[in-house]
Amino acid sequence: MPREAVTVAKFGGSSLSEPVRFQKALDVVRADERRRFVVVSAPGKRDAGDRKVTDMLYACYEAAQNANEAEFTGLFEKIKERFETIRRALCPGLDLTEDYETIKVSFRRRMGRDYAASRGEYLNGKLAAACLGYAFVDPADCVFFKDDGAFDAERTNEALHTRLSAEERAVIPGFYGSMPNDTIRTFTRGGSDVTGAIVARAVDALLYENWTDVDGFLMADPHIVRDPKLISTITYHELRELSYMGATVLHEDAVLPVRMAGIPILIKNTEHPEAPGTMILPRREGSEGCVITGIAGRKGFSALTVEKDMMNGELGFVRRILEVFEEYGINFEHMPTGIDGVTLVAPTEQLSGKRTAVLAAICRAAKPESVEIRDGLALIAVVGSGMGRDLPALSKVFEALAGAGIPVLLTNRSMAENNVIVGVDTARFEEAIRAIYAIFEK
Ligand code: ASP
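Not measured: the values here are computed from a predicted model.

(A) Representation of the overall build of the protein chain. The number of helices and strands found in the protein chain is 13 helices and 15 strands. Principal-axis analysis of the C-alpha atoms gives the protein chain an extent of 80 × 50 × 40 Å. Taken over 442 residues, the protein chain has a buried fraction of 51%. For the protein chain, contacts bridging at least 24 residues in sequence account for 74% of all contacts bridging at least 6. Accessible surface computed for the protein chain: about 20,000 Å², of which carbon and sulfur atoms make up 51%. If you average the places of the 54 positive and of the 64 negative side-chain charges in the protein chain, the two averages end up 2 Å apart.

(B) Representation of the sheet that holds strand β8 (residues 233-235). The eight strands are arranged β3-β4-β2-β1-β7-β9-β10-β8 in an open sheet whose pairing can be described as mixed. Strands with a single pairing partner mark the edges of an open sheet, and in this sheet they are β3 (135-136) and β8. In this structure, strand β2 (residues 35-40) lies alongside strand β4 (residues 170-173), joined through four bridges in parallel fashion. In the strand pairing of β4, V39 is matched with I172.

(C) Representation of the sheet that holds strand β11 (residues 294-307). Pairing is antiparallel in the open sheet, where five strands are placed in the order β12-β11-β13-β15-β14. Of all strands in the sheet, those with a lone pairing partner are β12 (341-347) and β14 (410-412), marking the two edges. Direction aside, the axes of adjacent strands within the sheet are offset by 35 degrees on average. Two elements, β11 and strand β13 (residues 370-383), share 11 bridges in a ladder whose sense is antiparallel. Looking at the pairing, R298 lines up with L379 of β13. Packed on one face of the sheet, helix α8 (residues 236-244) meets β11, β13 and β15 (419-425) and runs near 65 degrees to β11.

(D) Representation of the site of the ligand in the model. What surrounds the ligand is the set S41, K52, T54, E121, F175, R189, G190, G191 and S192. Taking R189, its side chain carries an N or O atom lying 2.8 Å from an oxygen atom of the ligand. Expressed as a share of its isolated accessible area of 260 Å², the protein-covered part of the ligand is 92%. Grouping the amino acids of the shell around the ligand by side-chain chemistry returns one nonpolar, five polar and three charged.

(E) Local environment of the pattern of salt bridges. Scanning all chains against the criterion turns up 25 salt bridges. When the shortest N-O distance is used, the salt bridge between R201 and E154 registers 3.2 Å. With R201 in helix α7 (residues 192-202) and E154 in helix α6 (residues 153-165), this pair connects stretches of sequence that are 47 residues apart. E154 gets classed as partly exposed once you look at its relative accessible area, which sits at 44%. Between R355 and D375 there is a salt bridge, with the nearest N and O atoms lying 3.1 Å from each other. Pair noted here: R355 is in helix α11 (residues 355-366) and D375 is in strand β13, with a separation of 20 residues, a long-range link.

(F) Structural view of helix α5 (residues 113-132). Compared with the 28 Å implied by 1.5 Å per residue over 20 residues, the 30 Å span of α5 between its first and last C-alpha is a close match. By the largest-angle criterion, R119 marks the main kink of α5, which is about 30 degrees. Across the 20 residues that make up α5, a large majority, 16, are buried. Backbone geometry just downstream of α5 places G133 in the positive-phi region, at approximately 75 degrees.

(G) Up close: helix α10 (residues 317-327). Every buried residue of α10 is listed here: F317, I321, V324 and F325. Along the axis of α10, the buried residues cluster in a sector spanning 100 degrees; they form a single face. Residues E326 and E327 are exposed on α10 and point more than 90 degrees away from its buried face. Among the structural elements, β11, β12 and α11 are those in contact with the buried residues of α10. Downstream of α10 by a residue or two, G329 has a phi angle that is positive, lying close to 65 degrees.

(H) Main features of unusual backbone geometry. Phi is positive for R110, which is not a glycine, with a value near 55 degrees. Looking at the secondary structure, you find R110 in the loop between α4 (97-108) and α5. Classification of R110 as partly exposed rests on a relative accessible area of 41%. A positive phi is found at D204, a non-glycine position, where the angle reads about 55 degrees.

(I) Fine view of the packing of helix α2 (residues 53-65) against α5. Where α2 contacts α5, the two axes come as close as 8 Å, and the packing angle between them is 145 degrees. The element α2 and its partner α5 pack so that their crossing is right-handed. In contact with V53, T54, L57, Y58 and Y61 of α2, α5 contributes R113, A116, A117, R119, G120 and E121. Classifying every residue of the contact of α2 with α5 by side-chain character gives six nonpolar, two polar and three charged.

Cut-offs and rules
Residues numbered from 1 in each chain as written. Predicted model: local features only at pLDDT ≥ 70, side-chain atom pairs only at ≥ 80, totals over all residues. Heavy atoms only, no water. Helix = DSSP H or I, 4+ residues; strand = E, 2+ residues; numbered from the N terminus. Buried < 20%, exposed > 50% of the residue type's maximum accessible area, 1.4 Å probe, protein only. Contact = heavy atoms within 4.5 Å. Areas by Shrake-Rupley, 256 points an atom, 1.4 Å probe, with all protein chains shown as cover. Lys, Arg positive; Asp, Glu negative; His and termini not counted. Charge placed at Lys NZ, Arg CZ, Asp CG, Glu CD. Pairing = 2+ DSSP bridges. Axes fitted to C-alpha atoms, helices over the stretch in contact; angles between N-to-C directions. Near = heavy atom within 4 Å. Polar contact = N/O pair within 3.5 Å; in protein donor to acceptor, adjacent residues only side chain to side chain. Nonpolar A, V, L, I, M, F, W, Y, C, P; charged D, E, K, R; others polar. Salt bridge = Lys/Arg side-chain N within 4 Å of Asp/Glu carboxyl O. Expected span 1.5 Å × (residues − 1). Bend = angle between axes of the 7 residues up to and from the residue. Arc of directions from axis to C-beta. Left-handed = near helix turned anticlockwise from the far one by under 90°.

Here you go:
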């Protein structure tokens, strides 16, 4: 399969939630003949008050498990109607009666919660394949999980590659595959993104398009910053840094398969196909000067600061503290150090119920002069190529915070990363993000 010829287009649930939107997705596929492999989610919400079909399927399966016949039948009919509305409008020639029957019987036979959830993608895949005249490829036959439930990347890649080499054009439902004992298993929620990525890798696509309901990644959270600019290009690494801080558009596990294969991901909006979207690239070509890619942050951190004179000369001091964290199951996320002190930043919730014991254990293990916990910390990551090394960019971050009168409680910057992390009081979090955004927008 020549690489230039293939684009994998994955459509999210909101792009396939009702006939008008579904039609737009079909138009997108038909507009470019390189879109030979299409991955679909289950129908999502049609408006803010609506329910995703996947959530309805979970509820319906629960009703079947509880032998609540009235609720089961009622919900099953509602789910069926979601698909029938699309079928009647877009491919009336397709008959799904047998599929509905099989699914209903399988729910009653308790075929499993994952099987139940997967039927949203399965039925939407059948609809899309019929509308487009593409082959329908069931991932139950070529996406595999291992006995322990982990995704089997290599076996899947081989099987998918072989299966899809036999098809000129195909629709593959997202979100699920099968276990070694042939039962259905799903990825975690939002997992159709992962299927899209593994299909892109298997066919050695030139591009993995991820069609959703936003124009792309924004430079900052629009709930905090008014009309933030769209990010036009971002590297996989920068994306990981932003999503670690809570900015999400794409399932985290969707990055690895395409990153391994060096395939770029293009985030596009099905409602505005003409908009350029956000391109996620393996690496950035050239330098764009003093720019940042994005700003993201999270609240809910605590900083545990341990001080001891001559700490720098005491072998194993930090290890002893980290051993206490490990013993109590606390995951430290950052660790800025000073000359006679070290701060460990961890999610506040992980300290819950253990504070006194942890403090006492640190005192015993490290015999410090003082140890204290400060709650109410918010972390902000400013991400961009060269951010870690670019002096003007770095100084702008501090200039912005100083200008807004926001004290910087801690900073963290490794030489390896394209980001700087600053810690501020939770009460100043939004203000800090706005100030940093504003200074880079100038
Ligand atoms: N339909 C599944 C969910 O709602 C998977 C997906 O949409 O990616 O999580």
